[in-house]
Amino acid sequence: MAAISVPLLAVRPPPANIPFPSIFNLNRPFSTSLSSNGFSHLQLVSSSTSNQAVTETNSSSTINVQNDDALDTTLFVIRAKNRIGLLQIITRVFKVLGLRIEKAIVEFEGEFFVKKFFVNDSNGKKIEKMEHLERIQKAVLEAIDGDDGGGVSPSVAVSGRGVVVRKAGLKLEFGDRRAKAEKMFGLMDGFLKNDSISLQKDILDHVEFTVARSRFNFDDFEAYQALAHSVRDRLIERWHDTHQYFKKKDPKRIYFLSLEFLMGRSLTNSVINLGIQDQYADALTQLGFDFEVLAEQEGDAALGNGGLARLAACQMDSLATLDYPAWGYGLRYQYGLFRQIIVDGFQHEQPDFWLNFGNPWEIERVHVSYPVKFYGTLKEEVLNGKKCKIWIPGESVEAVAYDNPIPGYGTRNAINLRLWAAKPSDQYDMESYTTGDYINAIVSRQKAETISNVLYPDDRSYQGKELRLKQQYFFVSASLQDIIRRFKDLHRNFDEFPEKVALQINDTHPSISIAEVMRMLVDEEHLDWSKAWDIACRIFSVTIHAVQPEGLEKIPVDLLGNVLPRHLEIIYEINHRLMEELKKSFGQDYDKLSRMSIIEEGAVKSIRMANLSLACCHTVNGVSRVHLETLKTRVFKDFYELWPQKFQCKTNGVTQRRWIVVSNPSLCSIISKWLGTEAWIRNVDLIAGLREYAKDPDLHTEWKNMKRVNKMRLAEYIETLTSVKVSLDAMFDVQIKRIHEYKRQLLNILGIIHRYDCIKNMDESDKRRVVPRVCIIGGKAAPGYEVAKKIIKLCHAVADKVNNDPDVGDLLKVVFIPDYNVSVAELVIPGSDLSQHLSTAGHEASGTGCMKFLMNGCLLLATADGSAVEIAEEIGAENMFLFGAKVDEVPALREKGTTLKGSLQFARVVRMVRDGYFGFKDYFKSLCDNVEDGGDFYLLGYDFASYLEAQAAADRAFVDQEKWTQMSILSTAGSGKFSSDRTIEEYAEQSWGIEPCKCPF
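Residues numbered from 1 in each chain as written. Predicted model: local features only at pLDDT ≥ 70, side-chain atom pairs only at ≥ 80, totals over all residues. Heavy atoms only, no water.

Novice: So what about the overall build of the chain? Which residues, and what values?
Specialist: Along its length, the chain carries 36 helices and 33 strands. A buried classification covers 60% of the 1001 residues belonging to the chain. For the chain, the accessible area works out to roughly 40,200 Å², and carbon and sulfur atoms hold 50% of it. (Helix = DSSP H or I, 4+ residues; strand = E, 2+ residues; numbered from the N terminus. Buried < 20%, exposed > 50% of the residue type's maximum accessible area, 1.4 Å probe, protein only. Areas by Shrake-Rupley, 256 points an atom, 1.4 Å probe, with all protein chains shown as cover.)

Novice: Requested: an account of a negative patch on the surface, with residues and values cited.
Specialist: A cluster of acidic side chains, namely Asp-685, Glu-985, Glu-989 and Glu-995, defines a negative patch on the protein surface. Structurally, Asp-685 can be placed in the loop between helix H23 (665-675) and helix H24 (697-722). (Patch = residues over 30% accessible without salt bridge, like charges linked within 9 Å, V, L, I, M, F, W, Y side chains within 5 Å. Salt bridge = Lys/Arg side-chain N within 4 Å of Asp/Glu carboxyl O. Lys, Arg positive; Asp, Glu negative; His and termini not counted. Charge placed at Lys NZ, Arg CZ, Asp CG, Glu CD.)

Novice: Tell me about helix H25 (residues 745-760), and please be specific about residues and values.
Specialist: Over its 16 residues, H25 runs 23 Å from end to end, which matches the ideal 22 Å to within 8%, given 1.5 Å per residue. Of all 16 residues in H25, 14 are buried, a share of seventy percent or more. (Expected span 1.5 Å × (residues − 1).)

Novice: I'd like to hear about the sheet that holds strand E24 (residues 599-600), residue by residue, with values.
Specialist: Pairing is antiparallel in the open sheet, where 3 strands are placed in the order E23-E25-E24. Among the strands making up the open sheet, the edge pair consists of strand E23 (554-556) and E24. One ladder, built from 3 bridges, connects E23 with strand E25 (residues 606-608); its direction is antiparallel. Looking at E25, one finds that Ile-555 is bridged to Ile-607. Strand contacts of helix H19 (residues 609-616): E23 and E25, with the helix running at about 40° to E25, the strand carrying the most contacts. (Pairing = 2+ DSSP bridges. Contact = heavy atoms within 4.5 Å. Axes fitted to C-alpha atoms, helices over the stretch in contact; angles between N-to-C directions.)

Novice: Explain helix H17 (residues 565-586) to me, and be specific about the residues and the numbers.
Specialist: The first and last C-alpha atoms of H17 sit 31 Å apart over 22 residues, in line with the 32 Å expected at 1.5 Å per residue. Taken together, the buried positions of H17 are Pro-565, Arg-566, His-567, Leu-568, Ile-570, Ile-571, Ile-574, Asn-575, Leu-578, Met-579 and Leu-582. Gly-587, located one to two residues past H17, shows a positive phi value of around 65°.

Novice: Please set out the pairing of strand E21 (residues 501-506) residue by residue, giving values where relevant.
Specialist: Counted residue by residue, E21 has 6 buried out of 6 residues, so it is predominantly covered. Covered by surrounding structure in E21 are Val-501, Leu-503 and Ile-505 together with Ala-502, Gln-504 and Asn-506, the residues of both alternating faces. Sheet topology note: the strand E10 (residues 253-257)/E21 ladder contains 5 bridges and is parallel. Residue Leu-257 lies in a different strand from E21, and its bridge partner there is Ile-505. By the bridge criterion, 4 bridges tie E21 to strand E22 (residues 540-543) in an arrangement that is parallel. Each residue of the ladder has a partner; that of Ile-505, found in E22, is Val-542.

Novice: Tell me what's going on with the sheet that holds strand E33 (residues 881-883), and back it up with residues and numbers.
Specialist: Spatially, 6 strands are ordered E30-E29-E28-E31-E32-E33 in an open sheet, and the strand pairing comes out parallel. What marks the edges here is a single partner per strand, and that holds for strand E30 (812-817) and E33. Strand-to-strand twist across the sheet, computed as the mean angle between neighbouring axes with direction ignored, equals 15°. When strand E28 (residues 731-736) meets strand E29 (residues 773-778), the two strands line up parallel, connected through 6 bridges.

Novice: Quick one: what's the story with the state of the cysteines, residue by residue and with numbers?
Specialist: For the structure shown, the criterion picks out 0 disulfides. Considering cysteine sulfurs only, Cys-795 is the nearest to Cys-775, which forms no disulfide, with 9.2 Å between them. For Cys-775, a relative accessible area of 3% gives the class buried. (Disulfide = S-S within 2.5 Å.)

Novice: Mind laying out the side chain of Gln-472, listing which residues take part and the relevant values?
Specialist: Looking at the secondary structure, you find Gln-472 in helix H12 (residues 462-490). Among residues more than four places away in sequence, those in contact with Gln-472 are Leu-259, His-509, Ile-512, Glu-553 and Ile-555.

Novice: Explain the environment of Arg-253 to me, using residue names and the numbers behind them.
Specialist: By secondary structure assignment, the location of Arg-253 is in strand E10. Residue classification places Arg-253 among the buried residues on the basis of a relative accessible area of 8%. Residues in contact with Arg-253, not counting those within four places in the same chain, are Phe-246, Lys-247, Pro-325, Trp-327, Arg-486, Lys-500, Val-501, Ala-502 and Ile-994.

Novice: An account of the pattern of salt bridges is requested, with residue identities and associated values reported.
Specialist: This model, assessed by the stated rule, comprises 64 salt bridges. Notably, a salt bridge pairs Asp-489 with Arg-485, separated by 3.1 Å at the nearest N-O pair. Of this pair, Asp-489 and Arg-485 both sit in helix H12, 4 residues apart, roughly one helical turn. For Glu-580, the salt bridge identified is with Lys-583, shortest N-O distance 3.5 Å. Here Glu-580 and its partner Lys-583 are both found in helix H17, 3 residues apart, which amounts to about one turn of the helix. Judged by relative accessible area, which is 33%, Lys-583 ranks as partly exposed. Taken together, the shared-partner salt bridges connect Arg-365, Asp-403, Arg-418, Asp-482, Arg-485, Arg-486 and Asp-489 into one network.

Novice: Help me get a handle on the pairing of E29, residues and values and all.
Specialist: If a strand is regular, its side chains alternate between the two faces of the sheet. Among the 6 residues of E29, 6 are classified as buried, and the element is accordingly described as predominantly covered. Neither face of E29 is left uncovered, since the one carrying Arg-773, Cys-775 and Ile-777 and the one carrying Val-774, Ile-776 and Gly-778 both have all their residues buried. The pairing of E29 with E30 spans 6 bridges and is classified as parallel. Among the inter-strand pairings, Val-774 is bridged to a residue of E30, identified as Lys-813. Considered for its hand, the β-α-β crossover made up of E29, helix H27 (residues 786-803) and E30 is right-handed. (Right-handed = clockwise from strand over helix to strand, strands pointing away.)

Novice: How would you summarise the confidence of the model for the chain if you had to cite specific residues and measurements?
Specialist: Summary statistics for the chain give a mean pLDDT of 87 and a share of 87% for residues scoring 70 or more. When the criterion is pLDDT under 50, residues 147-174 qualifies, and its contacts beyond four places in sequence or with other chains add up to 67 contacts. (pLDDT = per-residue confidence, 0-100.)

Novice: Describe the packing of aromatic side chains, and please don't skip the residues or the numbers.
Specialist: Taken as a whole and judged by the stated rule, the model has 33 aromatic pairs. A ring pair is formed by Trp-391 and Tyr-473, whose centres lie 6.4 Å apart and whose planes are at 55°; its orientation type is tilted. In this pair, Trp-391 is assigned in strand E18 (residues 386-392) and Tyr-473 in helix H12, connecting sequence segments 82 residues apart. When sorted by exposure, Trp-391 lands in the same class as Tyr-473, which is buried. Taken together through their ring pairs, the aromatic side chains of Tyr-255, Trp-327, Tyr-329, Tyr-370 and Trp-420 make up a single cluster. One cation-aromatic arrangement involves Lys-470 over Phe-374; the distance from NZ or CZ to the ring centre is 4.9 Å. Here Lys-650 stacks its cationic end above the ring of Tyr-987, 5.4 Å away from the centre of that ring. (Phe/Tyr/Trp six-rings, centres within 6.5 Å; stacked < 30°, edge-to-face > 60°. Lys NZ or Arg CZ within 6 Å of the ring centre and 35° of its normal.)

Novice: Just give me the short version of the nonpolar core, but keep the residues and values in it.
Specialist: Phe-374, Trp-420, Phe-474, Leu-503, Phe-540 and Phe-636 are the most contacted members of the largest nonpolar core, which totals 185 residues. Among the elements that make up this core, the one with the highest residue count is H12 (10 residues). In this structure Phe-636 touches Ile-544, Leu-552, Ala-610, Asn-611, Leu-614, Leu-631 and Phe-647, once residues within four positions along its chain are discounted. Residues Ile-739, Leu-859, Val-913 and Ala-950 belong to the second largest nonpolar core, which totals 58 residues. (Core = buried A, V, L, I, M, F, W, Y, C linked by side-chain atoms within 4.5 Å.)

Novice: Describe the environment of Asn-930, naming the residues involved and giving the relevant values.
Specialist: Within the secondary structure layout, Asn-930 lies in helix H33 (residues 921-930). Owing to a relative accessible area of 31%, Asn-930 belongs among the partly exposed residues under this scheme. As for Asn-930 and Leu-940, which are separated by 10 residues in sequence, their C-alpha atoms are 9.9 Å apart. Not counting chain neighbours up to four residues away, the residues in contact with Asn-930 comprise Glu-741, Val-787, Gly-935, Asp-936 and Phe-937.

Novice: I'd like to hear about the environment of Met-851, residue by residue, with values.
Specialist: Secondary-structure assignment places Met-851 in helix H29 (residues 848-855). Of the residues examined, Met-851 reaches a relative accessible area of 0% and is grouped as buried. Remark: the alpha-carbon pair of Met-851 and Lys-977, spanning 126 residues in sequence, is separated by 9.6 Å. If near-sequence neighbours (up to four positions away) are discounted, Met-851 is found in contact with Thr-651, Asn-652, Gly-653, Val-654, Ser-846, Ser-867 and Phe-978.

Novice: Describe unusual backbone geometry, and please don't skip the residues or the numbers.
Specialist: Comment: phi is negative for the bulk of residues other than glycine, and the bulk of peptide bonds are trans. The backbone phi angle of Asp-323 is positive, close to 70°, even though this residue is not glycine. You can see Asp-323 is positioned in the loop between helix H9 (307-321) and strand E13 (326-331). Accessibility expressed as a relative area gives 5% for Asp-323, which makes it buried. Of note, Asp-344 is a non-glycine position whose phi angle comes to about 55°, a positive value.

Below, the structure written as structure tokens:
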């Protein structure tokens, strides 16, 4: 029978730098181009059958591998159902693996193909190793079983990239439609190319067609926008494939609910995770642009405040990198955290118009919107013989989705961060316009959009509290509607819900989601209460970030009843059942019952949202060992005694990809060189290998050069920003974090005053022995936090005095960096020598800031609080500078009140401020009162002497540069435990019960 030669549809292999799953790792170089001989020929043979034995799989596809001595190739015999694009899928797998197809024969068996592929490795030899053959077999089967058992409608096809896609009822069996489908899938086949020419073309196309500028006349910002859209194209490519793969596999997913995500800039992080930074840099250079310059055009997405928000961003990066099936949900604030403006040393706030010039990283999903209801009344109806509640809302707004792809590193997976924006209800809007009530239509639009306008509205007034509650409910209602809709696409029985859904509450802000889940299951899905509560208790886990009981969120009952009347009823029912259960354990111990009640009686009757979370969630997580002990022994002591199994420790972590690879590329190169691999970027435990070289003089030289270059960048930034010129030989001493009394920036400033006072009173010979310091402070004070604002002003007053004193010169400089954010941190942290973490022991839940400094080889001066205790265990207390009262000592010290006296040095520096040495005597009086005369709640006076001793120890270590460098190397080497990758793996195993789901293409 004659064979018919037919052309192959073009198969474009993925780019060389795309990392693949372990099953693709054949320990040989990855080939990116078609083999020179390519296909020798492809034969179509009609009506023949294969007599070869095949191994059955759990699908309709089979595969057999033959390595007969008579053959000079390895033969793969594949039997699978005929469908469009299958041949391209199989050939792509072989080419992705770096294999050469010498010949292929296709035989028909009714609705099946039998495909024979004669394959060699990239060197033209047979594939002999059994483990390699098994990996290839697994990869091929994974790819060709595209629509088996996925729960997708029959109207599907498998695209060239191996993912399930809907065809909107397209019939492929006959005539023109089949030809059109062949054409469509042929055009869709393959990945975007990442060579310089292709990247340049993509960028210029976006300049002309997306940014709508002439490709012969565009500036840096327009070039950045085009570049960002070009990168986004590649993100979307992976993003679509990942989520189609998730849909096919239908794994249990984690949904991460957080009101804050401090994402920072996306460009550099995205191209590094995609593995195409060098290609983009080269392409831009040829176009006359510099990648670093364009990266600076991007603004920060400041959708959060402090460690909790940045933690959420790090955890999304780790979820993507570790291939977990995850979604993040939050709010798309129109205005991020305020911009901090310093005028004459005083903080002023301005709106952060971060969306004014658009956000190229987000995709508006106008077709993904959900109604969110507020206010209204309740009525009771009988349905199927059962009484049920009907909520008739008084107001409704639409939640519109904005999706942000989050790429993983070293993987094809890209997960989604879905942010919700509030829009007016279309029906109400149209009714107002059609009746001529234009003013009311505009007012209703503004009222609706206010919900997602501002991060953390001022809640000192009733209106502020109401807006904050509406924000929280708007966010969780839209998210839960989306989650349940996705579940119901593939499932109809809510008994399966806990097996497919895990909900993580990031602090207590989203806790109203518990009542919302109960409302949806009971009122809308008509489950009985007991079953609904059982489901809720199996899907929710919570991470508490508060340390003090007074920091836990409470909602006035009157407010909740007005805004969400049905939810108040549900919470009362939950509390009633909780109290009945507690009485079985504690009897008539009304004090304990009162403490554990969700309803707090008092002048203002309130809902304790943390107690609601503890009553429902199967896991309650602390964020460091010290923090967990605080939760167990003080904050939630009663709950811990009842449910000790619920309480777990998940020490926070940060992602090394953002805080080393992106922010400190020089350090990244040094680590990779000395470890001999870049594998530490995904497996950060390998970084401990640096300990072996901690005393190596060659590493010391490279390390010090890296640090000096980073200090030079920071010094230039400081001079540009503040006009203060600093010495690179000085110790760069940094404290950057949210301004708060418990974080004790005031202790730092008083220490600076003490150093200044000592220098002023030295003779010249003593001054020559002083270790020069550049003291850098940065952070924002909450708009209504007057004490924090006074601390910022005091910092500027001291800086004005010190920096202009010729007696001091370069021995001491004080710098306040305004508008501190993620991008500023990426510059400051790599250039720091010493980092201060001064919280009063027992007040910092974790402190992820110290982890970022630790990774960058910055030495820590810290109290034994939060994660600092665990850091000391990892790197050795001798490699950091610990001081101050311990957690268990603080309560007794506070009880001493006025009898607790500070040191003489402390009294002197406070007196200098009180007497107006730095000006503004009356303005700073309250600051001085807060730390004297028994008002020193945060123990600045008690810890001051110990603090000065730690500072002196840091000075002595800095003089011995070899010792300092060794301590710096050991700090980086000991930072592996504090990666968010480790944190997420612990959550996945211990709390969420999810498994990795790695997209193979």
